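Secondary and tertiary structure notes
Each chain, written out:
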Amino acid sequence: MCVNSERRRQRGLTLIELLVFIVVVAFGLAGTLTVFQHTVRNSGDPLVRKQALAVAEALLDEVALHPFTYCDPSDANALFARSAADCTVVEAMGAEGGQTRYSVASPFNNVNDYAGFSMSPIRPLGNNPAAEVPGLQAFTAAVTVTAEAADRLRIDVTATRGAETVTLTAYRFRIAPNFGG
């Protein structure tokens with residue numbers, strides 16, 4: 001009877017229980033490490049994403065702040081034209097007559113002048129290399145302007161650095177005439 005009472009008092013694990021415990025803990029650790037690996041890999045450099053977003057936002061704001069008129073903004077009828085027939089100089093998609101983003105004499109003056117515009121590296125409006133923002137040399141930006149209707153443009157701005165790409169979209173509506181008239 002003494003032998004049975006000793007066996008009942010012994011506590012511990014069998015070899016099978018120990019092996020099952022080790023396997024369960026190993027799977028748990030493997031799953032946890034997989035989650036950590038995925039998180040670390042996908043959040044490698046949030047600074048690059050934020051910079052790309054800032055570049056895209058700045059360029060989208062620049063484009064959207066330009067007028068969207070039937071006539072070229074240099075046309076005297078630009079503010080009151082109700083259609084392209086009222087214009088002396090009709091505004092066409094894309095830059096006209098030597099217009100560039102960087103020109104002082106002939107800058108972009110309408111939203112659709114930016115159609116097909118791209119830059120690499122990112123440059124400020126004055127195109128002054130001394131005014132460039134350090135760290136943006138590896139970025140590129142592209143603008144797509146699409147006429148979705150007679151009075152609506154879709155503006156897509158894409159900023160890219162390496163594998164990081166940010167695309168922002170805005171719509172610009174033409175309301176004519178701009179002032180009573």
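Residues numbered from 1 in each chain as written. Predicted model: local features only at pLDDT ≥ 70, side-chain atom pairs only at ≥ 80, totals over all residues. Heavy atoms only, no water.

1. Structural notes on the pattern of salt bridges
Under the criterion given, the structure shown has five salt bridges. The shortest N-O distance in the salt bridge between Glu-148 and Arg-152 comes to 3.3 Å. Residue class for Arg-152 comes out partly exposed when judged on its relative accessible area of 28%. Notably, a salt bridge pairs Arg-154 with Asp-156, separated by 3.0 Å at the nearest N-O pair. (Salt bridge = Lys/Arg side-chain N within 4 Å of Asp/Glu carboxyl O. Buried < 20%, exposed > 50% of the residue type's maximum accessible area, 1.4 Å probe, protein only.)

2. Looking at a nonpolar patch on the surface
Taken together, the side chains of Leu-13, Leu-15, Leu-18, Leu-19, Phe-21, Ile-22, Val-25 and Leu-29 define a hydrophobic patch exposed on the protein surface, amounting to about 800 Å² of accessible area. Taking relative accessible area as the criterion, Leu-13 reaches 62% and is therefore assigned exposed. (Patch = residues over 30% accessible without salt bridge, like charges linked within 9 Å, V, L, I, M, F, W, Y side chains within 5 Å. Areas by Shrake-Rupley, 256 points an atom, 1.4 Å probe, with all protein chains shown as cover.)

3. Thoughts on the nonpolar core
If you look at the biggest cluster of nonpolar residues, it comprises 26 residues, and the most contacted ones within it are Leu-59, Tyr-114, Phe-117, Ile-122, Val-143, Ile-155 and Val-157. Those elements that provide at least two residues to this core are helix 3 (46–64), strand 2 (140–149), strand 3 (152–161) and strand 4 (164–173). In terms of residue count, helix 3 provides more of this core than any other element does, seven residues in total. Those residues in contact with Leu-59 that lie beyond four places of it in its chain are Arg-101, Phe-117, Met-119, Ala-141, Val-143 and Val-157. Grouped together as the second largest cluster of nonpolar side chains are five residues, Tyr-70, Ala-78, Ala-81 and Cys-87 included. (Core = buried A, V, L, I, M, F, W, Y, C linked by side-chain atoms within 4.5 Å. Helix = DSSP H or I, 4+ residues; strand = E, 2+ residues; numbered from the N terminus. Contact = heavy atoms within 4.5 Å.)

4. Quick word on the sheet that holds strand 2
With antiparallel pairing, the four strands of this open sheet are ordered in space as 1-2-3-4. Edge strands, defined here as strands with exactly one partner in the open sheet, are strand 1 (118–119) and strand 4. Strand direction decides the pairing type here: strand 2 and strand 3, joined by nine bridges, are antiparallel. Within the sheet, the bridge partner assigned to Thr-144 lies in strand 3 and is Asp-156. Along the sheet face, helix 3 touches strand 1, strand 2, strand 3 and strand 4 and points at about 20 degrees away from the line of strand 4. (Pairing = 2+ DSSP bridges. Axes fitted to C-alpha atoms, helices over the stretch in contact; angles between N-to-C directions.)

5. What about the pairing of strand 3?
Count of turn residues in the strand 2/strand 3 antiparallel hairpin: two residues. Sheet analysis places strand 3 next to strand 4, joined by ten bridges and oriented antiparallel. Note that in strand 4 the partner of Arg-154 across the bridge is Tyr-171. Connecting the antiparallel pair strand 3 and strand 4 is a turn made up of two residues, with Gly-162 showing a positive phi of about 60 degrees.

6. Some words on the side chain of His-66
Residue placement: His-66 occurs in the loop between helix 3 and strand 1. Here His-66 falls in the buried class, since its relative accessible area comes to 17%. Within the structure, the side chain of His-66 is placed 2.9 Å from the backbone oxygen of Glu-62, a separation counted as a polar contact. When residues no more than four places from it in sequence are discounted, the contact partners of His-66 are Phe-108, Asn-109, Asn-110, Val-111, Tyr-114 and Arg-172. (Polar contact = N/O pair within 3.5 Å; in protein donor to acceptor, adjacent residues only side chain to side chain.)

7. So, the layout of surface pockets
Approximately 190 Å³ is the volume attributed to the largest pocket. As for the largest pocket, its lining consists of 14 residues, and the residues nearest its centre are Ala-58, Ile-122, Arg-123, Pro-124 and Leu-136. For the lining of the largest pocket, the leading source of residues is helix 3, giving five residues. (1 Å grid on protein atoms, 1.4 Å probe; cavity = no way out; pocket = protein on both sides within 12 Å on 5 of 7 lines; lining within 4 Å. Points joined across faces, edges and corners; volume = space filled by probe spheres on them.)

8. Concerning helix 3
Working note: α-helix, 3.6 residues per turn, so residues spaced by three or four point in the same direction. Helix length check: helix 3, at 19 residues, gives a terminal C-alpha distance of 27 Å against a target of 27 Å (1.5 Å per residue), a fit within 8%. On the buried face of helix 3, the contacting elements are strand 1, strand 2, strand 3 and strand 4. (Expected span 1.5 Å × (residues − 1).)

9. Topic: the state of the cysteines
Within the structure shown, the criterion is met by one disulfide. Disulfide partner of Cys-71: Cys-87, at an S-S distance of 1.9 Å. Sign of the S-S torsion, about -90 degrees for the bond between Cys-71 and Cys-87, identifies this disulfide as left-handed. Separated by 16 residues along the polypeptide, Cys-71 in the loop between helix 3 and strand 1 and Cys-87 in the loop between helix 3 and strand 1 bring together distant segments of the chain. A relative accessible area of 0% places Cys-71 in the buried class. (Disulfide = S-S within 2.5 Å.)

None of the figures reported here should be taken as evidence of function without further support.
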